[in-house]
Amino acid sequence: MEHVILTGIDLEWMSGISQEIARSTGGAVALVASDGTVITRVPDAQSFSGRMMADHPVIAHAIRNTKGTVDGTGLDAVPRIHGFARLPASDSTLIVGIARDDVVGPINAEVMTSAAVVLAVVLGITVGVWFLMDVLVLRGLRHLQQSAARLSTGQIDGLSPCAPGGIPALEVGKAVQAVRRMGQTLHTVAFTDPLTGLANRRFFDAFVERCEALPPEERTPQAILCIDLDGFKPVNDRYGHAVGDAVLKAVASRLMRCVREVDQVVRFGGDEFAILLDMADQPDEEQALRVAERVVKALSVPVKAEGVELQIGCSVGIAVWPTDDRRFDTVLRYADQALYSAKRRGRGQARRHRDLVEEREQRPDAV
């Protein structure tokens, strides 16, 4: 004789948890079955619940793996960074997606808020908002995990499979650690170049936005060094991208050794790099020129990559914010112009925007 045990999870309760998570993260939350069927999604639950979405790249990646992150377009066609985890002893996967443009800033605030709430629960402060968080989020999530475990083992309480219980302090501590790890992972994905480990263009743009938002009296002078490798394209053409990638990693390491901890080295893409030089202690352009010359010298040393010794080099253009212009994008353009001036003059050298201005003043027809 065959026996069948049926049970259910209150989707209205699950939707309430999903709405709270979506509200706190500013993103979208979906619970997906192992075959790719969307059980529920917040927001737009009516549009997606019950739909088979196994061919969607994000869902396909999530149901193939136990936990992790994936950067891609969400179900609503919005670019998002997704974190996902399979519920213990269950075939269901919980996916939380945060809009890629919203990763900067709000993620750290949400992490701190979540940590404060969890700490409040541990310390026994069970009044007001803290009590609501206890009931709606932490306790509900634990009940969902317990129900999933009972479903898989057959240990089901027919009277109350989701009966509430106390909150172990160890579970709360693990929740804080998980939230912090996800925040760190999302920050790394958003702001780090995956090949070299340097800051990426998104980091540069966020840094510029913060600098320009400061009052004039609080602004720290920044020298921008635009760096372009000389002779790198033939490396890729002749030896392939594996050797080219090894060269870029070596270049990144040498650039980091040329600067201080307060400075930032950025990879814009390809063989284009930049250095943001903090000039708070020495607001003298000669300092920037000395660093640029150190960079030129460091990158002129042959690079050994994949058993091949290669000779490359670099050209550098320099401009200073806000000395050369109060707009950062204009200063970046000035540094880029100085860079190409250095290339036209024979490569393997550094040029300042100020040098170009002086040349124009002396010879109006000079470039």
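Residue positions are given per chain, counting from 1 as you read along its sequence in written order. Whole-chain, interface and lining totals are the exception, using all residues; otherwise, since this is a predicted model, local features are given only for residues with pLDDT of at least 70 and side-chain atom pairs are given and counted only at 80 or more. Hydrogens and water molecules were not included; the side-chain quantities draw on all heavy atoms of the structure.

## Things to note about the environment of glycine 36
Part 1: Under the scheme used here, helices are H or I runs from DSSP no shorter than 4 residues and strands are E runs no shorter than 2 residues, and both carry numbers assigned from the N terminus. Tracing the backbone through its elements, the reader meets glycine 36 in the loop between strand 1 (28-32) and strand 2 (38-42).
Part 2: Overall, the relative accessible area of 0% leaves glycine 36 in the buried class.
Part 3: Considering only alpha carbons, one finds glycine 36 and isoleucine 59, 23 residues apart in sequence, at a separation of 6.6 Å.
Part 4: Any two residues having at least one pair of non-hydrogen atoms within 4.5 Å are treated as being in contact. Setting aside anything within four residues of it in sequence, one finds glycine 36 in contact with Arg51, Met52, Met53, Ala54, Ile59 and Ile63. Exposure categories follow from relative accessible area, calculated using a 1.4 Å probe and restricted to protein chains: below 20% of the type maximum is buried, above 50% is exposed, and the middle band is partly exposed.

## Side note on the sheet that holds strand 4 (residues 79-86)
Part 1: Paired strands, as defined in this entry, are two strands with at least two bridges between them according to DSSP. The strand order across the open sheet formed by five strands is 2-1-5-4-3, and the pairing between neighbours is antiparallel. Across the chains shown, the open sheet's two edge strands, defined by having one partner strand only, are strand 2 and strand 3 (67-73). The mean angle between the axes of side-by-side strands here comes to 20°, regardless of whether they run parallel or antiparallel.
Part 2: The sheet strands contacting helix 3 (residues 57-64) are strand 1, strand 2, strand 3, strand 4 and strand 5 (93-99), and the helix crosses strand 4 at an angle near 25°. Orientation is described by lines fitted to C-alpha atoms, with helices fitted over the stretch in contact, and by angles between N-to-C directions that extend from 0 to 180 degrees.

## Here's the deal with the packing of helix 7 (residues 201-213) against helix 11 (residues 328-344)
Part 1: Their axes nearest at 10 Å, the elements helix 7 and helix 11 cross at an angle of 125°. Compared by their axis directions, helix 7 and helix 11 come out oblique. Here helix 7 contributes Arg201, Phe204, Phe207, Val208, Cys211 and Glu212 to the contact with helix 11, which in turn contributes Phe328, Asp329 and Leu332. Put simply, angles under 35 degrees are roughly parallel, angles over 145 are roughly antiparallel, angles from 65 to 115 are roughly perpendicular, and the rest are oblique.

## Quick look at the side chain of aspartate 230
Part 1: Along the chain, aspartate 230 falls in strand 6 (residues 222-230).
Part 2: Given the relative accessible area of 10%, aspartate 230 is considered buried.
Part 3: Polar side-chain contacts of aspartate 230 include one of 3.2 Å to the backbone nitrogen of glycine 348.
Part 4: Excluding residues that lie within four positions of it along the chain, aspartate 230 makes contacts with Ile312, Gly313, Cys314, Ser315, Lys343, Arg347 and Gly348. By the criterion applied in these results, polar contacts are pairs of N or O atoms within 3.5 Å in which, for protein atoms, one can donate a hydrogen and the other can accept it, and in which residues neighboring in sequence qualify only through two side-chain atoms.

## Concerning the sheet that holds strand 8 (residues 272-278)
Part 1: Pairing within the open sheet is mixed, and its five strands lie in the order 7-8-6-11-12. The open sheet has two edge strands with one neighbour each: strand 7 (264-269) and strand 12 (350-352). Direction aside, neighbouring strands of the sheet carry axes that sit 20° apart on average.
Part 2: Taken together, the seven bridges between strand 6 and strand 8 define a ladder with antiparallel strand orientation. In the strand pairing of strand 8, glutamine 222 is matched with aspartate 278.
Part 3: Seen against the sheet, helix 10 (residues 285-299) touches strand 6, strand 8, strand 11 (313-321) and strand 12 and runs at an angle of roughly 165° to strand 11.

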